[in-house]
Amino acid sequence: MSINKKPDRKTTILNIIQQVRAQFPFDDVNVQICGDSCIGCPKKLLELVESEINHWEYVVAKGNLPNMSEIDYFAKLCKNIRRSLVRNGVLPPI
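Here the structure is a predicted model, which is why all the values come from computation and not from measurement.

A few words now on the overall build of the protein chain. Of the regular secondary structure elements, the protein chain holds 3 helices and 0 strands. Ordered by position in the sequence, the α and β elements of the protein chain form the string α-α-α. Of all 94 residues assigned to the protein chain, the portion counted as buried reaches 30%. At a minimum sequence separation of 6, the contacts of the protein chain that also span at least 24 residues come to 71%.

Between its first and last C-alpha, helix H3 (residues 68–87) extends 29 Å over 20 residues, near the 28 Å set by a 1.5 Å rise per residue. Where H3 is buried, its residues touch helix H1 (9–23) and helix H2 (42–61). Following H3 by one or two positions, Gly-89 has its phi on the positive side, about 75°.

With 89% of its residues at a pLDDT of 70 or more, the protein chain shows a mean pLDDT of 89. Ranking the elements of the protein chain by mean pLDDT puts H2 last with 95 and H1 first with 97.

As a further point, take the pattern of salt bridges. Scanning all chains against the criterion turns up 2 salt bridges. Of the charged contacts in the structure, one is a salt bridge between Lys-76 and Asp-72, with a shortest N-O distance of 3.4 Å. Here the residue Lys-76 and the residue Asp-72 both occupy positions in helix H3, the gap between them amounting to 4 residues, near one helical turn. Asp-72 gets classed as partly exposed once you look at its relative accessible area, which sits at 39%.

Attention now goes to H2. Relative to the 28 Å expected for 20 residues at 1.5 Å per residue, H2 spans 28 Å between its end C-alpha atoms, a close match to the ideal helical length. Considering only its buried residues, H2 is in contact with H1 and H3.

Geometrically, a packed helix pair is captured by the angle between its two axes and the distance between the axes. Across the interface, H1 lies against H3 with an axial gap of 10 Å and an inter-helix angle of 10°. As the angle between them shows, H1 and H3 are arranged roughly parallel. The residues of H3 that touch H1, namely those facing Arg-9, Thr-12, Ile-13, Ile-16, Ile-17, Val-20 and Gln-23, are Met-68, Ile-71, Phe-74, Ala-75, Cys-78 and Arg-82. Looking at the contact of H1 with H3, its residues break down into 9 nonpolar, 2 polar and 2 charged.

Ile-13, Val-20, Phe-24, Phe-26, Val-49, Phe-74 and Ile-81 are the most contacted members of the largest nonpolar core, which totals 21 residues. Not counting chain neighbours up to four residues away, the residues in contact with Phe-24 comprise Leu-46, Val-49, Cys-78, Ile-81, Arg-82, Leu-85 and Leu-91.

Time to look at the environment of Pro-66. Assignment of secondary structure puts Pro-66 in the loop between H2 and H3. Leave out the neighbours within four places in its chain, and Pro-66 touches Arg-9, Ile-13, Trp-56 and Ile-71.

Calculation rules
- Sequence positions are assigned chain by chain, starting from 1 and proceeding in written order.
- With the structure being a predicted model, the display of local features is reserved for residues of pLDDT at least 70 and the display and counting of side-chain atom pairs for 80 or more, all residues being used for whole-chain, interface and lining totals.
- The basis for every side-chain value is the complete set of heavy atoms in the structure, and neither hydrogens nor water enter the calculation.
- The way it works is that DSSP assigns letters per residue, a run of H or I at least four long becomes a helix, a run of E at least two long becomes a strand, and they are numbered from the N terminus.
- Whether a residue is buried, partly exposed or exposed follows from its accessible area with a 1.4 Å probe, protein chains only, as a fraction of its type maximum: under 20%, in between, or over 50%, in that order.
- We call two residues in contact when some of their heavy atoms are within 4.5 Å.
- For a helix, the expected span equals 1.5 Å multiplied by the residue count minus one.
- Here pLDDT means the predictor's own confidence in every residue, given as a number from 0 to 100.
- The term salt bridge refers to a side-chain nitrogen of Lys or Arg lying within 4 Å of a carboxyl oxygen of Asp or Glu.
- An axis is simply a line fitted to the C-alpha atoms; with a helix, the fit covers only the stretch in contact. Between two such axes, the angle follows the N-to-C directions and lies from 0 to 180 degrees.
- Throughout, the term roughly parallel applies to angles under 35 degrees, roughly antiparallel to angles over 145, roughly perpendicular to angles from 65 to 115, and oblique to all others.
- Each residue is assigned to one class: nonpolar for Ala, Val, Leu, Ile, Met, Phe, Trp, Tyr, Cys and Pro, charged for Asp, Glu, Lys and Arg, and polar for all the others, Gly among them.
- Only buried residues count toward a nonpolar core. Its members are Ala, Val, Leu, Ile, Met, Phe, Trp, Tyr and Cys residues joined through side-chain atoms within 4.5 Å.

Encoded structure:
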């Protein structure tokens, strides 16, 4: 019988970062250009999430760990930005 252990806080935040980096089009030049209409600016949303990622990578590299509410906030932010990117046609729905 195997017991699945929950990941620690460091692993959790790094997993979220890895998933976001894999899914979000940070380097897509088409997203960096403002269009005629949008529901939330994809360019600014990507900048926001990228700055959060850079912050958490720096914090973790310094040996500090986020608490559970910070992890929850970061995960919700990424989820909401993903939803907005889907509405703007930048990402496909899942």
